[in-house]
2 protein chains.
Amino acid sequence: MASKENPRPGGRSARVQAAVHQAVREMLARMERADVTIPLIAQRANVTPSTIYRRWGDLQELLADVSASRLQPETEPLKTGSAWMDLQAWAEQYADEMSSGAGRQMIRDILAVSDTANAEKCSGYTQQQLRVIVARAEEQGEAFPTLTELMDFVISPIMYRILFDQVPSNDYIHGLISRVMPKVAASPEIAEITADVSGV
Amino acid sequence: MASKENPRPGGRSARVQAAVHQAVREMLARMERADVTIPLIAQRANVTPSTIYRRWGDLQELLADVSASRLQPETEPLKTGSAWMDLQAWAEQYADEMSSGAGRQMIRDILAVSDTANAEKCSGYTQQQLRVIVARAEEQGEAFPTLTELMDFVISPIMYRILFDQVPSNDYIHGLISRVMPKVAASPEIAEITADVSGV
DNA sequence: GGCTAAAAGCAAATAATTTGCGTTAGCAAC
DNA sequence: GTTGCTAACGCAAATTATTTGCTTTTAGCC
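Analysis parameters
Residues numbered from 1 in each chain as written. Chains lettered and ligands numbered in written order. Predicted model: local features only at pLDDT ≥ 70, side-chain atom pairs only at ≥ 80, totals over all residues. Heavy atoms only, no water. Core = buried A, V, L, I, M, F, W, Y, C linked by side-chain atoms within 4.5 Å. Buried < 20%, exposed > 50% of the residue type's maximum accessible area, 1.4 Å probe, protein only. Contact = heavy atoms within 4.5 Å. Buried area = accessible area lost by both parts, 1.4 Å probe. Salt bridge = Lys/Arg side-chain N within 4 Å of Asp/Glu carboxyl O. Polar contact = N/O pair within 3.5 Å; in protein donor to acceptor, adjacent residues only side chain to side chain. Helix = DSSP H or I, 4+ residues; strand = E, 2+ residues; numbered from the N terminus. Nonpolar A, V, L, I, M, F, W, Y, C, P; charged D, E, K, R; others polar. UniProt positions renumbered as here; feature names shortened; annotations may be inferred. Least-squares fit on C-alpha atoms with pLDDT ≥ 70 in both. Axes fitted to C-alpha atoms, helices over the stretch in contact; angles between N-to-C directions. Parallel < 35°, antiparallel > 145°, perpendicular 65-115°, else oblique. Left-handed = near helix turned anticlockwise from the far one by under 90°.

Caption draft 1: Quick look at the nonpolar core. By size, the foremost hydrophobic cluster in this structure holds 78 residues, and its most contacted members are Phe144(A), Phe164(A), Phe144(B) and Phe164(B). Ignoring sequence-local partners within four residues, the contact set of Phe164(B) consists of Ile107(A), Leu111(A), Ala119(A), Glu120(A), Cys122(A), Ser123(A) and Met159(A).

Structure follows, in structure tokens:
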């Protein structure tokens, strides 16, 4: 039901989709989420409500669709020199984005819908970013956790906290990463880097 | 807005709440979730819709409320002899319940609402159960992870997978638990138990 | 037993959603 | 280009859900 890939790529359909997405983003920025309705969105996007109902089904699916597209990363993880630090910096930014009011709401909107396509897409984005960092580590021969380990022991705890209780601090994230790093990370040299970064 | 604690414990209010909860549970069991509406619930509960609107606000909050109450555990974790095995058995059951269609839907309903009270309650239930197991381990002098470690490295990865992609297998859970156990778990004696359990 | 206020019922008013049908506009074949 | 085809859109009527003002019930308290 959610807006799938290019039914008629260059045409009116695409323009409508863009206008609706745009309208939703603007409205979410300007008003209470509870006050956002399909008729209002339709009005702002210069579209009839029935178009939105037919294409997205209901408000939840539309919001999930918009949120998923907003969570698509636009850049690769920053390159700091060591994959370890890339990971630390990336994870902090990830947690920051996701635990902000807007970020939490986007995740909720994505998870609320029974169709898991958007949730999978979102998790896919995360994995894509992490893969880049893992690949860098490999290139440089740095000892590094696998993608699965990162998802299970860094991303998952962060996401759980965001969803169920509190926002994860940078110290907390740092602890997760230290723990998942290969034992080499306990060597004095790396410990020093660790101290540096956690002090930022 | 969600039904808080005892405004007038013994009276009509409580009866209405019970009737509405009951109606929701029955309807969720008998029909498509998308077809459940407040007017229908009201009818089945012999209550006017405006009562539900005033008390819960909207369908999402009502469903979140009902789901949270359904997730409250009724029994303590089973006692198998070792805290380690208690944990394994409990985590498997937890993952099973949560990854079933109904379980996933309940979690989604709880997370969908912006008020995090229900989500916290739900996470609280989990921690309560785990605390029982941790306490048993302590009593018996068994080496055991902390509650925080269990939440971060066992519960969180399970929940992430349920929410974002696939259902966690028992083998996967077993792997998580092995990994979080103190190094003692690598001793031959425990390794043997491990093999037994994973074979179940 | 009577008072009080919170919660429920009722019904009218408003708003959202669905639906049938006519219209528009990409796309392709010619 | 022009034409034909069809997916997607617009429009408006019908349906359904939600809100709201007012009345009635009833639990808790003296």
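Caption draft 2: Local environment of the interface of chain A and chain B. Listed per partner, the contact involves 33 residues of chain A and 33 residues of chain B. Taken together, the two surfaces of chain A and chain B that pack against each other cover about 2,800 Å², and 57% of this comes from carbon and sulfur. In terms of surface lost to chain B, no three residues of chain A exceed Tyr160(A), Phe164(A) and Arg179(A), which account for 25% of the buried area on that side. Seen at the junction of chain A and chain B, the total is four salt bridges. We note a salt bridge from Arg179(A) to Glu149(B), for which the minimum N-O separation is 2.8 Å. Counting across the interface, chain A meets chain B through ten residue pairs in polar contact (both at pLDDT 80 or more). It is helix α8 (residues 147–164) of chain A that provides the largest number of residues to the side of chain A that touches chain B, a total of 13 residues. A class-by-class count of the residues in the side of chain A that touches chain B yields 17 nonpolar, eight polar and eight charged.

Caption draft 3: How the structure looks around the UniProt feature "DNA-binding region" (unreviewed entry) in chain A. The sites that carry the UniProt feature "DNA-binding region" (unreviewed entry) are, in the present numbering, residues 37–56 of chain A. For residues 37–56 of chain A, helix accounts for 80% and strand for 0%, while the C-alpha atoms at its two ends are 13 Å apart.

Caption draft 4: Focus on the relation of the copies chain A and chain B. You can overlay chain A on chain B at an RMSD of 0.0 Å; the transform is a turn of 180 degrees with a shift of 0.0 Å along its axis. Both copies are brought into coincidence by an operation consistent with a two-fold rotation axis. The share of interface residues of chain A whose copies in chain B are also at the interface is 100%, consistent with both copies meeting through the same surface.

Caption draft 5: Spatial organisation of unusual backbone geometry. Positive phi, close to 55 degrees, is recorded for Asn46(A), a residue that is not glycine. In this structure, Asn46(A) sits in the loop between α2 (38–45) and α3 (49–56).

Caption draft 6: Here's a closer look at the packing of helix α4 (residues 59–71) of chain A against helix α6 (residues 101–112) of chain A. Residues and elements named next belong to chain A. Direction vectors running N to C along α4 and α6 enclose 125 degrees, while the axes themselves pass 8 Å from each other. By the angle between their axes, α4 is oblique relative to α6. Handedness of the α4/α6 crossing: left-handed. Residues Gln60, Leu63, Ala64, Ser67, Ala68, Arg70 and Leu71 of α4 touch α6, and the partners they reach there are Met106, Asp109, Ile110 and Ala112. The residue makeup of the contact of α4 with α6, split by class, is seven nonpolar, two polar and two charged.

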